[in-house]
Amino acid sequence: MTPPARHHRLSAAQLTAVAWGRPDNEVIATLYAAEHSRHQMLAAQALREHASVAASALRVLHETGHHDPTAVAVTLRQGWWGTWVTGLHRGTADRTPAAVIARLSALAAVAAARTGAPADLTVPMSGGRLHLPGWGTLAADAGELRLTVRDGTVIAHQPAGTYALPVGETVDGWIPARRLAAGGLRLLVDDRDPGRDCFRMPLRGPLPDGEFAALRRTIGQGWRLLARSAPELARQVAAGLWAVVPLAPPPDGSETSVTCSDAIGAIGATGPGDAVDAAVMLVHEWSHSLLNGMLGFVELHDPRDAGTFWAPWRPDPRPLSGLLHGTFAFLAVAETWRVLRAAGVQPERAEAEFAVRRRQLAEVLAVLPGVPALSPQGRRFVAVLQRRCRALFATPVSRHADEQASAAVRRQAAAHEQAAGAPRHGDPRP
């Protein structure tokens, strides 16, 4: 496989930078390296029983990983490596030899091509599709598919024809992966690879061309809006995010977005509706990914049950980890609404959103610092979140907006107490 996992750490200054929502590219790279190491350790366990039948693909991944670890890490990430090996480990992914060999061979072929290494692989095919991560989808006949990799090209040999891949356009039997580029932002728009099914929400099937164009345009406009109004956030988003996966809209037609702790930097989304929605979504989900990456090797709280808590942005009680996630993400969202308002972007909406988010955060951060389950690092982290929240109140809003925000939070609290039959904070019940 790839080189063995290494120990990763963040310095006190880097942890503080994350708490402030200001990680530099070195911190982001450390989060990705730690995730990769964690997944490699999991893969070593999950793939042990397949070592003999998948020997060729594993050997290619091992050799290319030593030659160019960065290129191979990107290949594995785009192949949803973390969600796949986690699924194998938990028994929720297809563990049959044919399925495992097909997935490993596709990864190995792209890794070899990206690193300039030669490879010869034989892939048992039954599902009719082979997904080459970050490249596209090949329709494959049942039986065996031979892949020959030379000089950065994958030659797929099958009775229906021979393909030299990747090809940047749709041809008979080949559909290239879709991508989104806007300024410094580069995203894979993954609407085909089955490995993307990790968001616990129904996936949208392959997007029609018109819908893909609309998604690409809206997210591009949202990132450019960030680049003008909040360049530091735009830099982080461009450095940290790598994929967006279209999700099926909920029955009520609302827009939603979500992340996956096994695939930091990937967003599942149903929308967004407009450029402002896109800008806020990018910041919100990047913040969740940032914290997911850090929590993979930094312990902010005792992992044992610490009770549940009221979160004003959710109808259901939240565990401590969820409360930390929501607080961290909505601080970034509130700060984004503040800069959008200052820039004159949808000012009435921006003021209302900013006012309600800071009132919600103030409620939570009045209680969160006193939670006994926080670790020493967690207490320092939350102390910074408190300072960020206080800074929000240094920006004045209209009396009407503040009164509306306060009323909204009171309604949320009353609804929570009525539904749960519990106080707002710290429900110790299981």
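Criteria and cut-off values
- Residues numbered from 1 in each chain as written.
- Predicted model: local features only at pLDDT ≥ 70, side-chain atom pairs only at ≥ 80, totals over all residues.
- Heavy atoms only, no water.
- Buried < 20%, exposed > 50% of the residue type's maximum accessible area, 1.4 Å probe, protein only.
- Helix = DSSP H or I, 4+ residues; strand = E, 2+ residues; numbered from the N terminus.
- Pairing = 2+ DSSP bridges.
- Phe/Tyr/Trp six-rings, centres within 6.5 Å; stacked < 30°, edge-to-face > 60°.
- Lys NZ or Arg CZ within 6 Å of the ring centre and 35° of its normal.
- Salt bridge = Lys/Arg side-chain N within 4 Å of Asp/Glu carboxyl O.

*Asks:* Could you clarify how one ought to interpret the pairing of strand 9 (residues 185-189) in this entry?
*Replies:* The two faces of the sheet receive side chains in turn, since in a regular strand these alternate between them. Counting buried residues in strand 9 gives four out of five residues, a clear majority hidden from the surface. Bridge count for strand 8 (residues 178-182) against strand 9 is five bridges, and the pairing is antiparallel. The partner of A181 across the bridge, within strand 9, is R186. Connecting the antiparallel pair strand 8 and strand 9 is a turn made up of two residues, with G183 showing a positive phi of about 60°. When strand 9 meets strand 10 (residues 243-246), the two strands line up parallel, connected through two bridges. Bridge pairing in strand 10 places L188 opposite A243.

*Asks:* Quick question: what am I supposed to make of the packing of aromatic side chains here?
*Replies:* Centre-to-centre distance and the angle between the planes together describe a pair of aromatic rings. According to the stated counting rule, one finds five aromatic pairs in the structure shown. A ring pair is formed by W80 and F199, whose centres lie 6.3 Å apart and whose planes are at 85°; its orientation type is edge-to-face. Taken together, the residues span a long stretch of sequence, with W80 in the loop between helix 4 (69-78) and helix 5 (81-90) and F199 in the loop between strand 9 and helix 7 (209-229) at a distance of 119 residues. With respect to burial, W80 and F199 carry one shared label: buried. Taken together, the aromatic side chains of W80, F199 and W242 make up a single cluster linked through ring pairs. Cation over ring: R77 sits above Y32, and NZ or CZ is 4.1 Å from the ring centre.

*Asks:* Can you walk me through the pattern of salt bridges in this structure?
*Replies:* Close approach of charged atoms allows side chains with opposite charge to pair. Taken as a whole and judged by the stated rule, the model has 16 salt bridges. Of the charged contacts, one joins E403 and R399 as a salt bridge, the two residues approaching to 2.9 Å between their closest N and O atoms. On the criterion of helical spacing, the pair formed by E403 and R399 is a turn pair, its members being four residues apart in helix 13 (residues 399-420). On the basis of relative accessibility, which here comes to 41%, the residue E403 falls in the partly exposed class. The structure contains a network of salt bridges with shared partners spanning R178, D191 and D209.

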